[in-house]
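Chain and residue survey
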Amino acid sequence: VSRALQAYIRRAVRGADASRIDRAMQKLAGIPRGELKEIEPLPGVLVDVTEVYDETIDDLALRLAQEVLTRFPEAVSRVLLAGGGAYHLGEALRAPLAPLELVLAPNAELANVLGAFTMLNIQAISGNFLDQGDLV
């Protein structure tokens with residue numbers, strides 16, 4: 001989503017600041033589909049990103065839902081949304097994943113990091129470290 005918005009804004013505004021785009025995306029999360037979404041890539045310059053944002057979210061949500069339903073057709077009853085994208089994708093995933101329950105992780109933007117940190121702590125305490133070869 002970030003890449004799509006950055007590409008769109010960079011075509012529209014010369015000298016757009018990518019860091020301002022990423023920060024501004026946080027404010028877009030939760031704005032209903034079709035409602036105005038603007039980003040300020042330069043001080044005083046607003047760009048309407050409603051169409052590109054909504055289309056990108058819809059496309060990504062559909063691809064994620066298809067992946068979940070194809071890979072785990074009978075093994076999943078609940079989907080935990082974690083990471084910064086959880087705030088953006090939650091509503092868009094609700095219909096394509098129905099009737100699965102969608103759960104937003106507490107502090108979703110930190111959930112992946114906290115989960116990895118917890119796993120490393122457990123490994124350190126137990127002395128059972130994950131072999132990196134198992135990740136491939």
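For the structure, see preceding data.
Described in the following lines is the structure provided in the data block. (Residues numbered from 1 in each chain as written. Predicted model: local features only at pLDDT ≥ 70, side-chain atom pairs only at ≥ 80, totals over all residues. Heavy atoms only, no water.)

Residue placement: I57 occurs in helix α3 (residues 50-71). Residue classification places I57 among the buried residues on the basis of a relative accessible area of 4%. Expressed as a C-alpha distance, the spacing of I57 and V13, which sit 44 residues apart in the sequence, is 22 Å. Leave out the neighbours within four places in its chain, and I57 touches V1, H88, L89 and A92. (Helix = DSSP H or I, 4+ residues; strand = E, 2+ residues; numbered from the N terminus. Buried < 20%, exposed > 50% of the residue type's maximum accessible area, 1.4 Å probe, protein only. Contact = heavy atoms within 4.5 Å.)

Time to look at helix α2 (residues 18-28). Looking at α2, one finds that the buried residues are A18, I21, A24, M25 and L28. Projection of α2 onto a plane perpendicular to its axis shows the buried side chains occupying an angular sector of 120 degrees, all on one side. Structural note: α2 exposes R23, Q26 and K27 on the side pointing more than 90 degrees away from its buried face. Along its buried surface, α2 packs onto α1 (2-12), β1 (38-42), α3 and α4 (85-97). Directly after α2, the chain includes G30, whose backbone phi takes a positive value near 90 degrees. (Arc of directions from axis to C-beta.)

Before going further, it helps to spend a moment on the packing of α1 against α2. The contact between α1 and α2 brings their axes to 10 Å, and the two run at 120 degrees. With respect to α2, the axis of α1 lies oblique. The way α1 lies across α2 gives a crossing that is right-handed. Of the residues in α2, those touching α1 at S2, L5, Q6, I9 and R10 are A18, I21, D22, M25 and L28. (Axes fitted to C-alpha atoms, helices over the stretch in contact; angles between N-to-C directions. Parallel < 35°, antiparallel > 145°, perpendicular 65-115°, else oblique. Left-handed = near helix turned anticlockwise from the far one by under 90°.)

So, on to helix α5 (residues 108-126). Between its first and last C-alpha atoms α5 spans 27 Å; for 19 residues at 1.5 Å apiece the expected length is 27 Å, and the two agree. Within α5, the full set of buried residues consists of A108, A111 and Q123. Residues of α5 that are buried in the fold lie against β3 (78-81), α4 and β4 (101-104). In the segment just after α5, G127 is the residue with positive phi, at about 80 degrees. (Expected span 1.5 Å × (residues − 1).)

Read these as layout, nothing more, since geometry by itself doesn't imply function.
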